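Geometric and topological summary
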Amino acid sequence: MSNSLFPFSKFQGFISIDCGSVEAYIDKDTNIPYTSDKELIDTGMVKTISPDAPQNLPQFVENLRSFPNGTRNCYTLRLEQGKNNNYMIRAIFLYGNYDGQNQQPVFDLYLGVNAWTTVNLTNTSAYDYFFYEAIHVPTTDGIDLCLVNTGQGVPFISALELRRLENSIYKTAGGALTNIQRYDIGRKRELPGFRYPDDAYDRYWSPLQFDVWIPITTNSTIYPQSNGNAYNIPDEVLKTAAKTQNASIPLSLYWSPPDSLSKCYVYFHFAEIENLEAGQQRELTINLNGERFLGESFKLDFLNVLTIAPNNPPITGERLHFTINATEGNKLPPILNAVEMFVLKELPNKPTAIEDVVAIMDIKKLYRVTRNWQGDPCVPIEYSWDGLNCSYNNPPSIISLNLSSSNLTGEIAPSFSNLIAVQSLDLSYNNLTGLLPEFLAQLSNLNTLNVSGNRLTGSVPEALLQKFRDGKLVLSVGENPDLCLSVPCKRKKKKEFVIPVVASSIAAVLVLLFIFPALAVYRRKRQRGMVTKSNIKLQNQQYSYSEVVSITNNFNTIIGGGGFGKVYLGKLKDETQVAVKLLSPSSNQGYKEFQAE
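In this section: the environment of Ala271. As for its placement among the helices and strands, Ala271 is situated in strand E19 (residues 264-271). For Ala271, a relative accessible area of 0% translates into the label buried. Placed 34 residues apart in sequence, Ala271 and Val305 show a C-alpha to C-alpha distance of 4.7 Å. Filtering out sequence-adjacent residues up to four positions away, Ala271 remains in contact with Ile222, Leu238, Asn304, Val305, Ile335 and Asn337.

Here we come to helix H3 (residues 462-469). Three or more residues of H3 are buried, namely Leu464, Leu465, Lys467 and Phe468. All buried residues of H3 lie within an arc of 160° about the axis, which places them on one face of the element. Two residues or fewer after H3 comes Gly471, characterised by a positive phi angle close to 80°.

Attention shifts here to the side chain of Thr178. Examined against the element boundaries, Thr178 turns out to sit in strand E14 (residues 176-185). Among residues more than four places away in sequence, those in contact with Thr178 are Trp116, Glu133, Ala134, Phe342, Val343 and Lys345.

Let's shift gears to the nonpolar core. Core analysis: the biggest nonpolar cluster contains 54 residues, and Tyr170, Phe268, Phe270, Phe322 and Leu336 have the highest contact counts within it. The leading source of residues in this core is E19, at seven residues. Among residues more than four places away in sequence, those in contact with Phe322 are Leu251, Ser252, Leu253, Trp255, Val266, Phe268, Asn287, Leu288, Leu294 and Ile315. Counting 49 residues, the second largest nonpolar core, distinct from the first, contains Phe107, Leu121, Ile143 and Leu147.

This part takes up the pattern of salt bridges. The final tally for this structure, using the stated rule, is 20 salt bridges. Asp202 is paired through a salt bridge with Arg195; the nearest N and O atoms lie 2.7 Å apart. The same class applies to Asp202 and to Arg195, which are both buried. Taken together, the salt bridges that share partners define one network made up of Arg90, Glu133, Glu161, Arg163, Arg182, Arg195, Asp202 and Glu340.

Reading the values: rules and limits
Residues numbered from 1 in each chain as written. Predicted model: local features only at pLDDT ≥ 70, side-chain atom pairs only at ≥ 80, totals over all residues. Heavy atoms only, no water. Helix = DSSP H or I, 4+ residues; strand = E, 2+ residues; numbered from the N terminus. Buried < 20%, exposed > 50% of the residue type's maximum accessible area, 1.4 Å probe, protein only. Contact = heavy atoms within 4.5 Å. Arc of directions from axis to C-beta. Core = buried A, V, L, I, M, F, W, Y, C linked by side-chain atoms within 4.5 Å. Salt bridge = Lys/Arg side-chain N within 4 Å of Asp/Glu carboxyl O.

Scope: geometric values only; no functional claims are made or implied.
Here you go:
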């Protein structure tokens, strides 16, 4: 997904999606352009919140998309500059009693292949909107956001927003920053907070003021990027602050992380907004739980911004008590303008190999695959795509793809050749046309290929036939009337009778199925040690390899053999007993004799 969706240059790096909207629009409060999600997802149902909802709600929460079907439903966003770049991701939810049930659901939210959070709005107003934020550096040019049904109601989403951030800010050693709390210190709680256009990154700032703090403000211009500060804290946020009554009283903040093992990241933002007397300068320290200082002391300059991020290593603890103190001998009380607090979310699961993802997404788009293929193909394993099997190495790869009877039309696309780890490919019983491509022989791991039941033409490539003869490929090409097994193609006249052979095969074994009563074979072999051709009753019918395995009970009983293969006892569904002859891979001339037979 590129910014071409948004023709406003000042919103470069902004992606704003109204989930359930039928058209794009400009938000009247922020002037941010929002686009519909209809081109971004092919599942879910568009819904509108109840007409009983308040009239002053933002437009981006008036509609929503719900997902009554499927366990996992995902938005896949393609970014022009996604890989290794910093993004703030915001998912917004307003239930609005859209279904008339007055019962808000609980469901899980995934960031790519890893669990992000549980969306639980059960104890909230149906007409209040809530959002979950994460700051994340994707490893590819795409971000998947998935809603997972946990059996506690139908998942839904109102809006989805991505904001490009500077790469130098909010840095971690890995994972994503979540559980975000962001406060504009010194502003009365009843006042509205700030977002875009006041904040160039469109962060939400909530006002925070306690009675024991003394609020201070300024009308002077503050330079949010002074001293090379890339956090770009809004001017309006920095114009307010809180201080204590005197230098001997610390300014205290308390925070309870989700648990004592949570790795917490805290960002304190300061700006001197009091016009001090000549020679005066505020010097401060930050202390954690009265036990240790978070770094060295620091001084504040008038109307310049300073961000203190004491996060190496991350902070842990069951309850965190931060105190901002004046240094010893300094007569000015401590102040604080803004603070941000995060919890690091580990992202242990690795996504499927990008080459496989690109290939399978191309296949999905080209053939309009209607299965619920959402998010990452392989990971997490409990939500892997139908018809796929994967290896879970680093990175995971697709090793098996079954698209049998999937209404595929057209030629076999080159995208299949990019599934370099695939071992089994089943494209049988579709409506595929054109040549059987030779590039399939270049898939070094491919050991099973089934293209039976299509409308392929031309000859089976010699490279595939050779892999078949060498015992490296199970090749099934039956029920393609215009596909030849020889190069060049030598077609038989229609009147000629061809003894049916089973096209499916394994380990370079051709299977020839002769249908005749076993009493005419098995008993006579026992009595006379031989079978004459007059005993054989041919039936013009083809069998797949899996059927032959079933018929012979996995080739359990040998009833004879010859110069180029063994004969096995089998039984059809109608209880007719049959004999099945297999070509030995060690036979040199047997292949031609076997075809002739």
